[in-house]
Amino acid sequence: MAKIAEKSNGFIYLVSVTGVTGVRSGVESRVEGLVKSLKSVTDKPVAVGFGISKKEQAAEVVKWGADGVIVGSALVKALGEAASPEAGLEALEALAVELREGSNREGAKPKGSGGGFFARLMGKA
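Residues numbered from 1 in each chain as written. Predicted model: local features only at pLDDT ≥ 70, side-chain atom pairs only at ≥ 80, totals over all residues. Heavy atoms only, no water.

A.B. asks: Honestly, the overall build of the protein in this entry has me stumped. Any pointers?
C.D. replies: Check the secondary structure of the protein and you find 6 helices and 3 strands. In the protein, the succession of α and β elements from N to C terminus is α-β-α-β-α-β-α-α-α. Burial analysis of the protein (125 residues in total) assigns 31% to the buried set. Of the roughly 7,700 Å² of accessible surface on the protein, 56% is carried by carbon and sulfur atoms. (Helix = DSSP H or I, 4+ residues; strand = E, 2+ residues; numbered from the N terminus. Buried < 20%, exposed > 50% of the residue type's maximum accessible area, 1.4 Å probe, protein only. Areas by Shrake-Rupley, 256 points an atom, 1.4 Å probe, with all protein chains shown as cover.)

See the structure below:
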């Protein structure tokens, strides 16, 4: 883990499952140990991805110490399964807001305040 952290730039993308990406019912409990292990050897942000599709999953991962979550398949599914492009964008936005709420830490900046992990990552904070 230390070598991975040392060689990484920006942030560390922790893949939460072995296998293919996609929506899952829960986050594997072993991810907690992986997050803690990485956080013990680096001060770089750790973002967990693969299988994150619900507010509760995002909250759990952040509670374990991750700095953020990465979501792909669930957002594509929300967009693609909608009855119209407009409805798809509405579903995508609703899910993104839900996931953002789940990944907020207590004391995080309020909605619309800017800053935070992504602002630091992009050099805007």
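Having put the structure on the table, let's press on.
A.B. asks: Hey, could you run me through unusual backbone geometry in this one?
C.D. replies: A negative phi angle is the norm for most residues apart from glycine, just as the trans form is the norm for most peptide bonds. Its identity is not glycine, yet Phe50 carries a phi of approximately 80°, on the positive side. On the basis of relative accessibility, which here comes to 23%, the residue Phe50 falls in the partly exposed class.

A.B. asks: Any chance you could explain the environment of Ser37 here in plain terms?
C.D. replies: Looking at the element boundaries, Ser37 is found in helix H2 (residues 30–41). Judged by its relative accessible area of 28%, Ser37 falls in the partly exposed class. Each C-alpha atom, one on Ser37 and one on Ala2, is 8.8 Å from the other, the two residues being 35 residues apart in sequence.

A.B. asks: Help me understand the environment of Lys77, please; the structure alone is not making it clear to me.
C.D. replies: For Lys77, the position within the fold is in helix H4 (residues 73–80). On a C-alpha basis, the gap between Lys77 and Gly88 in space is 9.0 Å, while along the polypeptide they are 11 residues apart.

A.B. asks: Looking at this structure, how should I read the pattern of salt bridges?
C.D. replies: Applying the stated criterion across every chain, the model contains 3 salt bridges. One salt bridge in this structure joins Lys36 and Glu32, with 3.9 Å as the shortest N-O distance. In this pair, Lys36 and Glu32 are both assigned in helix H2, 4 residues apart and thus about one turn of the helix distant. Look at Lys36 and you get partly exposed, because its relative accessible area is 44%. When its relative accessible area of 30% is taken as the criterion, Glu32 is described as partly exposed. Between Asp67 and Lys39 there is a salt bridge whose closest N-O contact spans 2.6 Å. (Salt bridge = Lys/Arg side-chain N within 4 Å of Asp/Glu carboxyl O.)

A.B. asks: Looking at this structure, how should I read the sheet that holds strand E3 (residues 68–70)?
C.D. replies: The strands making up a sheet associate through hydrogen bonds between their backbones, and the pairing can be parallel or antiparallel. Here 3 strands make up an open sheet; going across it, the order is E1-E2-E3 and the pairing parallel. The sheet is open, and its two edges are formed by strand E1 (12–15) and E3, each paired on a single side. When the angles between neighbouring strand axes are averaged without regard to direction, this sheet yields 35°. In the sheet, strand E2 (residues 46–49) pairs with E3 via 3 bridges, with the strands oriented parallel. What sits directly across from Gly49, in E3, is Ile70. Against the sheet, H2 engages E1 and E2, with an angle of about 160° to E1. (Pairing = 2+ DSSP bridges. Axes fitted to C-alpha atoms, helices over the stretch in contact; angles between N-to-C directions. Contact = heavy atoms within 4.5 Å.)

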